[in-house]
Amino acid sequence: MVIWNHPGVDVTGMVARCEKVAGTCEKLLGGEVYHYVTKFMMKPARIGGRHVWHQDYGYWYQYGNLFPNMMTTFVAIDNATKEMAVSRTILRLYMSLCFISPLRLTVLKYISIWTWVLKGSHKCGRIDHSSLDGQQCADMERVEEIAKQVPLEYVELERGDALFFHCNLLHCSSANTSPSRRWAFICVYNRADNNPVKAHYHPFYTPLEKVPNSAILECQDFTTMDGKWFNDPITDNIPTG
């Protein structure tokens, strides 16, 4: 995973700054936003790791963001589809590894190789998290109870599709056991009036200069990395989630 804090002027910056992405987040969050972080997630074929059940705010709350006025835009670079029908036994084993309740088996027919969400779970507020293998894992007793009340949905995306979701949405992703890579471009936004109250390796409020959607195709800069402020996962002690 590659992580940077400012959008920059290259084509990836145009995506993060365009009206369709940043402007949509402003409408959904109800106010001015700034770019909090971008992640380029790369899951290699057959070996890409999993992410346990969590809320993004399970991380960001600890970084000094007092309010959950934050959200993510998840853009699929590769297709994220249901590719592999599996037996009930294999599915049960997979779900136990991903901390998914066997109670949900009756509604699932396929193994997920990308992302599952508990639809509407953001309304439950922030849930306690604990450290697990370098990630923040939501309180699974609470997740189990929430899963009895709201639908568990598989997020199926084609290349270029985007999922916009609130920072308190419960979600997880499986290891990529498929023969194809799974890459995604993830932009995170914080509302301008939710400036963190402590210094962290993600930025304080920085005004975002939005661009028209046409700037993405018009941009011919694919290499300028100046000003992006890349994070080092070792020296910055960044969790893997």
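Attention here is on the structure that accompanies the text. The numbering scheme is per chain: residues are counted from 1 as the chain's sequence reads. For a predicted model such as this one, the threshold for reporting local features is a pLDDT of at least 70, and the threshold for listing and counting side-chain atom pairs is 80 or more; totals across whole chains, interfaces and linings nevertheless cover every residue. Note that water and hydrogens are dropped before the side-chain values are worked out from all heavy atoms of the structure.

**Notes on the sheet that holds strand β2 (residues 33-43)**
Using the following cut-off: A pair of strands is considered paired only if DSSP assigns at least 2 bridges between the two. We count a stretch as a helix when DSSP gives it H or I for four or more residues in a row; a strand needs E for two or more, and each element gets its number in order from the N terminus. Structural elements are reduced to axes, namely lines fitted to C-alpha atoms, with helices fitted over the stretch in contact, and the angle between N-to-C directions of any two is expressed from 0 to 180 degrees. Every residue pair with non-hydrogen atoms within 4.5 Å of one another is taken to be in contact.
Here we have five strands laid out as an open sheet, ordered β1-β2-β11-β4-β9, and antiparallel in their pairing. The sheet is open, and its two borders are formed by β1 (2-4) and β9 (162-166), each paired with just one other strand. Neighbouring strand axes in the sheet, compared pairwise and without regard to direction, differ in orientation by 15 degrees on average. Pairing geometry for β2 and strand β11 (residues 182-191), over ten bridges, is antiparallel. For valine 33, the partnering residue across the bridge sits in β11 and is arginine 191. On the sheet, helix α2 (residues 19-29) packs against β2, β4 (70-76), β9 and β11 and is oriented at approximately 145 degrees with respect to β4.

**With respect to a nonpolar patch on the surface**
Inclusion rule: Like-charged residues are merged into a patch within 9 Å and nonpolar side chains (Val, Leu, Ile, Met, Phe, Trp, Tyr) within 5 Å, provided each residue has over 30% relative accessible area and no salt bridge. Accessible surface area values rest on a Shrake-Rupley calculation with a 1.4 Å probe, where residue burial reflects the displayed protein chains alone. Between Lys or Arg on one side and Asp or Glu on the other, a salt bridge is scored when a side-chain nitrogen of the former is within 4 Å of a carboxyl oxygen of the latter.
A contiguous nonpolar patch, built from Val2, Met42, Met225 and Phe230 and spanning about 290 Å² of accessible area, is present on the exposed surface. Along the chain, valine 2 falls in strand β1.

**Quick word on the nonpolar core**
Stated precisely, the cut-off is as follows: Residues belong to one nonpolar core when they are buried, are Ala, Val, Leu, Ile, Met, Phe, Trp, Tyr or Cys, and are joined through side-chain atoms within 4.5 Å. For the exposure calls, accessible area comes from a 1.4 Å probe over protein chains only, and a residue counts as buried if that area is under 20% of its type's maximum, exposed if over 50%, partly exposed in between.
In this structure, Tyr36, Trp60 and Phe74 are the most contacted members of the largest nonpolar core, which totals 23 residues. Elements with a minimum of two residues in this core: β2, α3 (57-60), β4 and β11. Ranked by the residues each element gives to this core, the list is headed by β2, at four residues. If we ignore the near neighbours within four places in the chain, the residues touching tyrosine 36 are Asn5, Trp60, Tyr63, Asn65, Met70, Val188, Tyr189, Asn190, Pro196, His202 and Pro203. Within the second largest apolar cluster, 19 residues are counted, among which are Val11, Met14, Leu29 and Tyr189.

**Describing the pattern of salt bridges**
For the coordinates displayed, the defined rule picks out seven salt bridges. Measuring nitrogen to oxygen at the nearest pair gives 3.6 Å for the salt bridge that ties lysine 210 to glutamate 19. Here lysine 210, found in the loop between β11 and α6 (215-218), pairs with glutamate 19, found in helix α2; they are 191 residues apart in sequence, far enough to count as distant. Of the residues examined, lysine 210 reaches a relative accessible area of 30% and is grouped as partly exposed. One salt bridge connects lysine 119 with glutamate 153, and the closest N-O pair in it is separated by 3.9 Å. Here glutamate 153 lies in strand β8 (residues 152-155) and lysine 119 lies in the loop between β5 (115-118) and β6 (129-132), a separation of 34 residues in the sequence.

**Observations regarding the state of the cysteines**
Rules: Defined by distance alone, a disulfide is two cysteine sulfur atoms within 2.5 Å.
Enumeration according to the criterion identifies zero disulfides in this entry. Free cysteine: cysteine 18, not disulfide-bonded; nearest cysteine sulfur from cysteine 187 at 8.3 Å.

The values are spatial; any link to function lies outside them.
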